[in-house]
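Coordinates in review
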Amino acid sequence: MPRVLAVIGALVVGSLAWAGEPDAAKLAGDLVSEDSDVRRAARAGIDALGARAVPALLDAMNAAEDTRPYIDMLFQWNLAPYAGGGAASFKRMLEKQRDNHKLVLLLERIGPGGKPAFPLIESILGDPNRSDFVRTTAAVTLLRGGHPAKPVLAAMTPSSEPSVFGAMTWTEALVIAARDEPKAVERLTALPFVVDDITVNRAFAAVASLGRKGKAAAPRLRALLGSSDPGPRLLAAATLLRIGEDVDTAFRALGKASRAEVHDAVMRFGDALVVAIAPDTIERLAPLLDTPAALRVAHKIAWPLARLGAHAKPAVGPMRCWLSNRSAGEYGLLTLGHVGKDAASERSAFEFLVEKGSDWQRAAAAVCLLRIDPSDKDARAVLDAAAPAVEGGKQRHLARVLSSAAADVPHVAPHLARLVKQGPDDVRAIAVTGFASLGPAGASYVDLVLGALDDLSPRVREQAAFASSRARPDGPASREEAAALAKHLSNPHWIVRAWAAILLSRGPHKRELGPALEPLIRYAASIRPAWRKPADTDFTWEPDFEVALRDAARKLK
């Protein structure tokens with residue numbers, strides 16, 4: 001084996017071989033120690049042991065009076081997929097404990113191994129002695145376990161005055177069921193508006209995301225158009241637009257709303273209302289952007305507009321007033337910076353800001369000009385002069401504009417690199433994502449991206465892992481890179497370990513490394529989409545990662 005493979009092999013073995021590993025039973029006992037340092041060390045030791053700690057955790061859980069530390073450990077450290085043999089233990093505990101929703105969810109996470117307890121979970125649905133949170137959690141568990149939606153919905157009758165958590169999990173159950181069951185779609189929009197705005201927001205956004213499949217909710221939405229409360233009325237109008245029902249009536253309802261009503265509705269239900277901002281509705285909605293009400297809520301709707309990229313072209317003209325507004329101007333630049341060359345009609349406004357604006361405005365406007373014409377030397381000089389001077393909260397906006405422009409304007413790379421090295425956590429995380437779209441121009445920044453895998457911020461590490469996969473889509477280009485990446489197979493954060501395994505599986509050494517990489521990839525793939533958020537990370541499971549996992553697993557066969 002060549003020297004570099006020996007180095008990689010040693011690193012892999014170091015991360016996966018467990019000679020001399022700590023005593024799992026002792027660690028399980030230490031979880032309930034009165035000494036916080038002992039408890040912390042026990043959690044770290046169990047995290048390192050992973051699946052090997054599960055039998056000891058189950059034994060300790062069955063013997064303990066207070067089972068919460070063990071349930072939390074299995075729940076938060078994603079160990080449930082390895083606990084199939086303990087389904088009977090969980091069933092016994094469900095019979096003893098009336099209101100432990102995490103215990104119910106653990107059975108779902110076990111997968112097929114939890115099926116023996118499903119009849120008991122079904123009985124929980126209609127049990128008045130259980131809290132609505134546990135009953136709605138049971139509904140989520142059954143639906144995620146593949147149980148038919150219709151009998152779950154028939155058996156589950158939420159409280160007429162649900163708790164916030166009960167309403168949240170009931171909404172989650174309905175969102176799952178709505179993919180195949182029209183009744184669930186209707187019930188999503190029947191949530192009482194006395195429930196917290198965030199839950200109602202999510203329910204309506206879920207209906208809107210179904211498009212034409214959400215038409216079962218149309219009667220309820222039409223009824224809400226007559227509500228005296230502007231929030232539900234405009235929320236219903238936006239949702240009707242997205243599902244393609246009563247489009248003219250819904251659009252008129254949005255257009256006739258007073259400034260105060262629009263402001264109130266967007267502040268309460270911003271996330272669901274902006275679902276109406278989509279490629280197939282933007283042309284109708286664009287005129288609403290040129291209003292004082294839109295300027296007041298620019299911070300709510302700028303990012304959904306920006307995410308449309310070139311599709312937001314119809315909004316470019318109406319947003320002209322944003323650029324000259326003191327508070328909305330920065331959000332107008334954020335959006336137009338993502339539109340790219342299709343914002344060419346506003347060149348004169350960008351040129352004015354380049355000359356007269358603040359450092360942030362000059363830098364963002366220069367990026368807009370470069371997206372229109374990447375060879376614009378004057379805009380490049382302005383960006384180089386203004387970007388380093390941007391400070392405070394404006395750095396976050398600048399990082400977003402630079403990252404979105406990276407694919408079209410490779411010249412932003414040095415500025416992204418500076419933010420990755422010097423910015424606060426959230427700015428570094430946004431900036432490092434820009435290297436995912438730099439393509440060949442990002443090759444010289446591979447060391448920077450790999451270095452960010454060791455960042456103290458979990459979010460920066462996650463985004464760096466994603467960016468490294470794009471900077472080197474075919475795996476490490478050299479043996480030195482492979483060795484640098486292989487050390488992250490023992491990274492304490494699972495998402496970085498998984499990305500490292502994926503990338504190494506694409507490189508020239510995948511045959512030699514395959515047996516060692518496979519367990520890591522299989523572990524990541526075993527975690528169900530709804531619960532892929534360990535305690536040490538705020539990573540969101542993206543479709544790209546799912547595809548990468550499957551591709552890596554296929555290559556290792």
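**Here we look at the overall build of the protein chain**
Along its length, the protein chain carries 34 helices and zero strands. Buried positions account for 54% of the 557 residues belonging to the protein chain. Restricting to contacts in the protein chain with at least 6 residues of sequence separation, those with at least 24 account for 68%. When the accessible surface of the protein chain is summed, it comes to about 24,300 Å², and 53% of that surface belongs to carbon and sulfur atoms.

**Considering the pattern of salt bridges**
Summed over the entire model, instances satisfying the criterion amount to 11 salt bridges. With its nearest N and O atoms 3.3 Å apart, the salt bridge here joins Glu172 to Arg144. Placement of Glu172 in helix 11 (residues 164-177) and of Arg144 in helix 9 (residues 132-144) is noted, with a sequence separation of 28 residues between them. Both residues of the pair, Glu172 and Arg144, belong to the buried class. Among the salt bridges present, the one from Arg428 reaches Asp455, with a minimum N-O distance of 2.6 Å. Pair noted here: Arg428 is in helix 28 (residues 425-433) and Asp455 is in the loop between helix 29 (446-452) and helix 30 (458-471), with a separation of 27 residues, a long-range link. Of the two residues examined, Arg428 and Asp455, each falls in the buried class.

**Looking at the confidence of the model for the protein chain**
Per-residue pLDDT for the protein chain has a mean of 77; in total, 80% of the residues score no lower than 70. Averaged pLDDT values over the elements of the protein chain bottom out at 45 in helix 1 (residues 3-16) and peak at 93 in helix 25 (residues 377-386). Every residue in residues 7-20 scores below 50 in pLDDT, and together they form 19 contacts with partners more than four places removed in sequence or on other chains. Segment residues 528-540 is flagged for pLDDT under 50; beyond a separation of four residues in sequence, or across chains, it makes 34 contacts in the model.

**Overview of the environment of Ser358**
Among the secondary structure elements, Ser358 is positioned in the loop between helix 23 (347-356) and helix 24 (359-372). A relative accessible area of 38% means that Ser358 is categorised as partly exposed. Sequence separation of Ser358 and Ala386 is 28 residues, and the distance between their C-alpha atoms is 8.6 Å.

**Looking at the packing of helix 20 (residues 298-307) against helix 22 (residues 329-339)**
Where helix 20 contacts helix 22, the axes come no closer than 8 Å and their chain directions differ by 5 degrees. Judged on the interaxial angle alone, helix 22 and helix 20 are roughly parallel. Facing Ala298, His299, Ala302, Trp303, Leu305 and Ala306 of helix 20, the residues of helix 22 in contact are Tyr331, Leu334, Thr335 and His338. Here the contact of helix 20 with helix 22 is composed, by residue class, of seven nonpolar, three polar and no charged.

**Considering the packing of helix 22 against helix 26 (residues 394-405)**
For the pair helix 22 and helix 26, interaxial distance at closest approach is 8 Å and the crossing angle is 15 degrees. One element, helix 22, and the other, helix 26, form an angle in the roughly parallel class. For helix 22 against helix 26, the interelement crossing comes out left-handed. Contacts from Glu330, Tyr331, Leu333, Leu334, Gly337 and His338 in helix 22 reach Lys394, His397, Arg400, Val401 and Ser404 in helix 26. For the contact of helix 22 with helix 26, a count of residues per class yields four nonpolar, four polar and three charged.

**A few points about the side chain of Thr239**
With respect to the helices and strands, Thr239 occurs in helix 15 (residues 230-243). Within polar-contact distance, the side chain of Thr239 engages the backbone oxygen of Leu235 at 2.8 Å. Ignoring sequence-local partners within four residues, the contact set of Thr239 consists of Phe204, Val207, Ala208 and Leu221.

Reading guide: rules and limits
- Residues numbered from 1 in each chain as written.
- Predicted model: local features only at pLDDT ≥ 70, side-chain atom pairs only at ≥ 80, totals over all residues.
- Heavy atoms only, no water.
- Helix = DSSP H or I, 4+ residues; strand = E, 2+ residues; numbered from the N terminus.
- Buried < 20%, exposed > 50% of the residue type's maximum accessible area, 1.4 Å probe, protein only.
- Contact = heavy atoms within 4.5 Å.
- Areas by Shrake-Rupley, 256 points an atom, 1.4 Å probe, with all protein chains shown as cover.
- Salt bridge = Lys/Arg side-chain N within 4 Å of Asp/Glu carboxyl O.
- pLDDT = per-residue confidence, 0-100.
- Axes fitted to C-alpha atoms, helices over the stretch in contact; angles between N-to-C directions.
- Parallel < 35°, antiparallel > 145°, perpendicular 65-115°, else oblique.
- Nonpolar A, V, L, I, M, F, W, Y, C, P; charged D, E, K, R; others polar.
- Left-handed = near helix turned anticlockwise from the far one by under 90°.
- Polar contact = N/O pair within 3.5 Å; in protein donor to acceptor, adjacent residues only side chain to side chain.

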